Amino acid sequence: MSKTKLSLTIVLTLIALGLIGWNLADFDDNKTIVPPDDKEPTYQSQQMVTIVYNPEGQLNYKLTAEDVKYYATPEDTWFTKPVMIMYDKDKVATWSVRSDRAKLTKDRMLYLYDNVEVNSLTTTSQLERIKTNSADVNLVTQDISSDDHVTLYGANFTSEGMKMRGNLRSRTAKLIEKVKTYYEVQPKAGNETQPSS
Amino acid sequence: LKDDTNQPINISSAQQSLDMNGNVVTFTGDVIVKQGTIDIRADKVVVTRPEGNEGKEVVEAFGNPVTFYQMQDSGKPVKGRGLKLRYELATDFVDLTGNAYLEQLDSNVQGDRITYKVKEQKMEAFSNKGKRVNTILVPSQIQKK
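The name that an unreviewed UniProt entry assigns to chain A is Lipopolysaccharide export system protein LptC, with the source organism given as Limnobaculum allomyrinae. UniProt lists a comment for chain A under the heading Subunit (unreviewed entry), and it reads "Component of the lipopolysaccharide transport and assembly complex. Interacts with LptA and the LptBFG transporter complex." Of the comments in the UniProt record for chain A, the one headed Subcellular location (unreviewed entry) reads "Cell inner membrane".

Asker: Sorry, what's going on with empty space enclosed by the protein here?
Answerer: To find the voids left in a structure, one rolls a probe of water-molecule size over its atoms. Inspection of every chain in the model, using the stated rule, returns 3 cavities of 30 Å³ or more. In this structure, the largest cavity encloses a volume near 80 Å³. As for the largest cavity, its lining consists of 11 residues, and the residues nearest its centre are A:Gln126, A:Tyr183, B:Asn23, B:Val25 and B:Arg49. Of all the secondary structure elements, the ones that give two or more residues to the lining of the largest cavity are β1 (9-19) and β2 (24-35) of chain B.

Asker: Which parts of the structure should I look at to understand the packing of aromatic side chains?
Answerer: Geometrically, a pair of aromatic rings is defined through the distance of the ring centres and the angle of the planes. All names here are of chain A. What the rule picks out here adds up to 3 aromatic pairs over all chains. Relative to Tyr113, the ring of Trp78 has its centre 5.9 Å away and its plane inclined at 20°; by these criteria the two rings are stacked. You can see Trp78 sitting in strand β3 (residues 76-80) and its partner Tyr113 sitting in strand β7 (residues 109-120), a full 35 residues away along the chain. Assessed through its relative accessible area of 27%, Trp78 is described here as partly exposed.

Asker: Looking at this structure, I do not really get the layout of surface pockets. What am I missing?
Answerer: All names here are of chain A. In this model, the second largest pocket occupies a volume close to 310 Å³. Elements that contribute at least two residues to the lining of the second largest pocket include exactly β1 (43-53), β2 (59-71) and β3. For the lining of the second largest pocket, the leading source of residues is β1, giving 5 residues. Looking at the lining of the second largest pocket residue by residue, the class counts come to 10 nonpolar, 4 polar and 3 charged.

Conventions and cut-offs
- Residues numbered from 1 in each chain as written.
- Chains lettered and ligands numbered in written order.
- Predicted model: local features only at pLDDT ≥ 70, side-chain atom pairs only at ≥ 80, totals over all residues.
- Heavy atoms only, no water.
- UniProt positions renumbered as here; feature names shortened; annotations may be inferred.
- 1 Å grid on protein atoms, 1.4 Å probe; cavity = no way out; pocket = protein on both sides within 12 Å on 5 of 7 lines; lining within 4 Å.
- Points joined across faces, edges and corners; volume = space filled by probe spheres on them.
- Helix = DSSP H or I, 4+ residues; strand = E, 2+ residues; numbered from the N terminus.
- Phe/Tyr/Trp six-rings, centres within 6.5 Å; stacked < 30°, edge-to-face > 60°.
- Buried < 20%, exposed > 50% of the residue type's maximum accessible area, 1.4 Å probe, protein only.
- Nonpolar A, V, L, I, M, F, W, Y, C, P; charged D, E, K, R; others polar.

Here it is in structure tokens:
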């Protein structure tokens, strides 16, 4: 009886070995070398978080995105739904910049496309939100510029213009061409309209 | 109108720059400021909001000249002009300087500086030393309320 059991185990082990060998061989087959073509991103990641410090080691900005595609040839990085938080020298979050899509080029220019929104994260700023359809941010100088219709929302004022140039660090913004501004004035106390005589 | 100063201010211009730190907004390029019936036209307008609290804005308009228009409750419009106009929202105070001129119908006042309290519709005219304030009053129009 033990002989049949012995031969059975031998046969089984042989089959097992065969299977493993076949599996391994199969595994090697599909790693065919795909020629690198620059249409495809060199690498791609989901739920990316990038934290960038300036040379002095201070937190400069934090960039998160749902999807990132890095193309080696033009050295561009494309983000989907990026959100960038910018920090000032005492590590306080000052601005958040978001859009549907963005492209970061190697010369540290961030081009933002569709539903671009810049939000002030500090309460001191009179300027609360900038909305436009496309804008680009120079990450080194923090200059922001847009040649699209821009709307600025501030503490009870809104401004619109055709173009905008600004700097997020010095918190200045300049609207150019056909600028319209609307200041809301709260009726001062004791200033209600008296019936005119 | 007395109620003008409660109305929102609309400003249109060719360019506008905002300096968030100093709460200063500068409008340049044929600037039109409208608040209720008030209509100010200037080449450059600077709106400063001291310490950032609303309602205390100071509007300073510069032009060659700056023109000011407001319809009075009495139905008689007031027109003014000068090289510089300063309009303080908190005190509803208009200050025209630089050969200032203010007229209501045919009466007018000319001087180096004219101040005008929008709320009380009171006006004062000053001239530098050696120059005189010229006022032309047409009594018939003034009395008719």
